[in-house]
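Report on the structure
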Amino acid sequence: WVADGTYLGAQYNITTDGTEIYGGFNGTETSLNQRDWVANAVHLDAQHDNRRVMEIMAHNIVLDGLIITNGAPVNQDGAGLRMVNYQNIELRNCRFENNRSLYGGAVYLINSSDRLSFIDCEFVDNTAGNDGGAFFAFNINFSIHGCMFQRNSSGSEGGALSLYSVHPSVVKNS
C-alpha cells in the first residue's frame, strides 16, 4: 500500500513475482477497499531526469491507483513503464502523464505470451520521438478496457498506439 504524496526522482524496478502495488491511501485505512486513489493521489515522478519511472521484470504483477509521470530516459524506450518478457500483468486506475522517450512515450511492451490488461487507465500528454506516443507494443497479447488517450504524439507512427505483431488483443470503450 502506498500513501498519498509525490515520490520524486527514483526509477522503480519490480523484480519480484507476485508484487501488488496499490496507491490511494491516507494512512488510516485498514482494508484495501477503503482507499481513494483520486483524493489520495500517488505520483511517481522521475522529474525528466534521464530515467524512466518504472520497469517490470517479473510476472503476476498488479499496479493500481498510481500516477506515473515525467519519465524521460535519454535515447531509450518506455519513459513511464517498460516491460520485456513478462506474464500476467494488470494495471488499473493508473495515469501516465508527460512521459517522453524514443518508442512508447508512456509504455513500452515487448514479448508477452500471457495476459496483460490496462483497465480504466489514462494516457495524457505523452510523446515518443519515433513510434507510439502513449503505447508501443511488439509481439504481445493484451487488452485495454475503459482507458482514455488524450494529447499523445509521436514523431512517426501511432500518436496514441503503435502496435506490431500483436496477438488476439482487445481495445474496448477506450
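Cut-off values and rules
Residues numbered from 1 in each chain as written. Predicted model: local features only at pLDDT ≥ 70, side-chain atom pairs only at ≥ 80, totals over all residues. Heavy atoms only, no water. Helix = DSSP H or I, 4+ residues; strand = E, 2+ residues; numbered from the N terminus. Rg over C-alpha atoms; globule rule 2.2 N^0.38 Å. Contact = heavy atoms within 4.5 Å. Areas by Shrake-Rupley, 256 points an atom, 1.4 Å probe, with all protein chains shown as cover. Lys, Arg positive; Asp, Glu negative; His and termini not counted. Charge placed at Lys NZ, Arg CZ, Asp CG, Glu CD. Pairing = 2+ DSSP bridges. Core = buried A, V, L, I, M, F, W, Y, C linked by side-chain atoms within 4.5 Å. Buried < 20%, exposed > 50% of the residue type's maximum accessible area, 1.4 Å probe, protein only.

With that settled, the discussion passes to the overall build of the protein chain. When its secondary structure is counted, the protein chain shows zero helices and 22 strands. For 174 residues, the compact-globule estimate of 2.2 N^0.38 gives 16 Å, and the C-alpha radius of gyration of the protein chain, at 15 Å, lies within 12% of that figure. Along the first, second and third principal axes, the C-alpha set of the protein chain runs to 45 × 35 × 30 Å. Restricting the contact set of the protein chain to residue pairs at least 6 apart, pairs at least 24 apart contribute 79%. Accessible surface computed for the protein chain: about 7,600 Å², of which carbon and sulfur atoms make up 45%. The protein chain carries 10 positive and 18 negative side-chain charges, and their two centres are separated by 2 Å.

The backbone phi angle of Gln 47 is positive, close to 60°, even though this residue is not glycine. By the secondary structure assignment, Gln 47 is in the loop between strand 5 (42–45) and strand 6 (54–56).

The next thing to look at is the sheet that holds strand 10 (residues 89–92). Where strands meet in a sheet, backbone hydrogen bonds hold them as pairs that are either parallel or antiparallel. Taken in spatial order, the seven strands line up as 1-4-7-10-14-18-22 in an open sheet, and their pairing is parallel. Edge strands, defined here as strands with exactly one partner in the open sheet, are strand 1 (2–3) and strand 22 (170–172). Where strand 18 (residues 143–145) and strand 22 come together, three bridges link them in parallel fashion. The partner of His 145 across the bridge, within strand 22, is Lys 172.

The biggest cluster of nonpolar side chains holds 34 residues, and the ones touching the most others in it are Phe 96, Leu 109, Leu 116, Phe 118, Phe 123 and Phe 135. Looking at this core, the elements that each hand over two or more residues are strand 5, strand 6, strand 7 (61–64), strand 9 (81–86), strand 10, strand 13 (107–112), strand 14 (116–119) and strand 17 (135–138). Per-element tally for this core: the top contributor is strand 9, with three residues. Sequence-distant contacts of Phe 118, that is, excluding residues within four places in its chain, are made with Leu 91, Phe 96, Val 107, Leu 109, Phe 123, Phe 135, Ser 143, Ile 144, His 145 and Cys 147.

Moving on to the pairing of strand 14. Direction of pairing for strand 10 relative to strand 14: parallel, over a ladder of four bridges. Pairing of Arg 92 across the sheet is with Ile 119, part of strand 14. With three bridges joining them, strand 14 and strand 18 adopt parallel strand pairing. Considered in strand 18, the bridge of Ile 119 is made with His 145.

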